[in-house]
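Residues per chain are reported as follows:
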Amino acid sequence: MKKVLIIGSQGMLGSTAVDFFTTKNFSVVGVDKSAEFDFTDKNHIKNLLKKNKPDVVINCAAFTNVDACETTTGLSVATTVNAQAPVNLVEICLNLNIHCVHISTDYVFGDNVEFGHIESDIPIQAMNAYGHTKLAAEQGIIILCGGLDSSNFQNQNASVYIIRISWLFGHGGKNFLQKILVKAETELALKVVTDEIGCPTYTQDVIKTINYILENKLATGIYHVISRDICSRYDFAQYALEKINSQTVVQPCKLSDFPRVAKINNFSILKNTKLPEQRSWREMVDDFLAV
Ligand SMILES: NC(=O)c1ccc[n+]([C@@H]2O[C@H](COP(=O)([O-])OP(=O)(O)OC[C@H]3O[C@@H](n4cnc5c(N)ncnc54)[C@H](OP(=O)(O)O)[C@@H]3O)[C@@H](O)[C@H]2O)c1
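Residues numbered from 1 in each chain as written. Predicted model: local features only at pLDDT ≥ 70, side-chain atom pairs only at ≥ 80, totals over all residues. Heavy atoms only, no water.

J.: Mind laying out the environment of F176, listing which residues take part and the relevant values?
T.: Looking at the element boundaries, F176 is found in helix α5 (residues 176-184). Along the backbone, F176 and P200 are 24 residues apart, and their C-alpha atoms lie at a distance of 9.6 Å. Aside from chain neighbours lying at most four places away, what touches F176 is V192, R233, F236 and A237. (Helix = DSSP H or I, 4+ residues; strand = E, 2+ residues; numbered from the N terminus. Contact = heavy atoms within 4.5 Å.)

J.: Describe empty space enclosed by the protein, naming the residues involved and giving the relevant values.
T.: For the structure shown, the criterion picks out 1 cavity of 30 Å³ or more. Of the pockets and cavities examined, the largest cavity occupies roughly 60 Å³. By residue class, the composition of the lining of the largest cavity is 6 nonpolar, 5 polar and 2 charged. (1 Å grid on protein atoms, 1.4 Å probe; cavity = no way out; pocket = protein on both sides within 12 Å on 5 of 7 lines; lining within 4 Å. Points joined across faces, edges and corners; volume = space filled by probe spheres on them. Nonpolar A, V, L, I, M, F, W, Y, C, P; charged D, E, K, R; others polar.)

J.: Which residues make up helix α4 (residues 129-144), and what values go with them?
T.: Residues spaced three or four apart along an α-helix face the same direction, because each turn holds 3.6 residues. With 16 residues, α4 should cover 22 Å at 1.5 Å per step; its first-to-last C-alpha distance of 23 Å lies within 8% of that length. When we look at burial in α4, the residues that qualify are A129, Y130, G131, T133, K134, L135, A137, E138, G140, I141 and I142. (Expected span 1.5 Å × (residues − 1). Buried < 20%, exposed > 50% of the residue type's maximum accessible area, 1.4 Å probe, protein only.)

J.: Can you break down the pattern of salt bridges residue by residue, with the values?
T.: All told, the structure shown has 9 salt bridges when counted by the stated rule. Across the salt bridge formed by K42 and E91, the nearest N and O atoms sit 3.1 Å from each other. Placement of K42 in helix α2 (residues 42-52) and of E91 in helix α3 (residues 72-96) is noted, with a sequence separation of 49 residues between them. Taking the relative accessible area as the measure of exposure, E91 reaches 29% and is therefore partly exposed. Residue R279 pairs with D287 through a salt bridge whose shortest N-O separation is 2.8 Å. In this structure, a network of salt bridges that share partners links the residues D205, R279 and D287. (Salt bridge = Lys/Arg side-chain N within 4 Å of Asp/Glu carboxyl O.)

J.: Tell me about the state of the cysteines, and please be specific about residues and values.
T.: Disulfides are covalent bonds that connect the sulfur atoms of two cysteines. Considering all chains together, one arrives at 0 disulfides under this definition. Here C60 stays free of any disulfide, with the sulfur of C100 as its closest cysteine sulfur at 10 Å. Overall, C60 belongs to the buried group, its relative accessible area being 17%. Looking at C145, it has no disulfide partner, and the nearest cysteine sulfur is the one in C100, 8.6 Å off. (Disulfide = S-S within 2.5 Å.)

What follows is the structure, given as structure tokens:
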């Protein structure tokens, strides 16, 4: 029986990973922020992996409060958890011959490009402080894996995958779609932005695709796991509320109507050119609502 260790196992993506690999008959070990587990302590991680001997580690842990990353305290935590700890983890996995999957984000790209980014595009400037911490992890991991040849690692013996995802939604976590559904229970009208465009992605699809990548031993490197099509936050909310026959009216507004601490671009679009075509975000929402 194969063993998978999930870091951040109580988060939105991590909890989906635990459920998925349990039903696939993996032996699953989940760790999350607690008195017993310290992701930021390199020796602690090394000992944990030596003791558990997993075949694969999936790192879903992160400091994900994007606005808090703009504060000195938040940035300090995010730098340790999002930037340094994942690089340490990959180094340990490489030394112990453990496959490692690290989750990254569309926010590593901050240039507001309308047609989006493919896997081999080099992020020059992240979108905001959170994006910078995630980009720093990617850069450290890429160095450990011998650099890039297009979007694959030069050293194909390094069994490491960087999986960029975006606009994640799922059960058991804070996300845009959940917030809209909860608000619609009590509010007659919701203002939602029409000028923020991205690729909503369901946690189930992300984990299934990670499993596909591992099962098929795809070339190690960077992958984009996102819905095959794009939408605005407004379209996203409107579609979900229509699907549940909500009477709440979705009113269009602009990003500038909701000033944020962190910079959020109008366009944050990832393109998948390496994996089989992914599902439409509408199919993903249908599945999410059916659970
Ligand atoms: N959500 C999105 O829209 C989105 C988009 C693109 C990429 N991503 C990436 O996808 C991954 C999963 O995101 P998510 O939305 O599932 O995040 P999440 O729900 O916030 O889960 C992250 C988990 O990591 C844990 N964690 C934080 N600091 C830790 C530490 N020092 N040690 C151990 N565990 C720690 C969190 O615990 P606490 O809750 O107790 O802090 C939480 O359980 C992350 O890498 C994120 O950057 C997310």
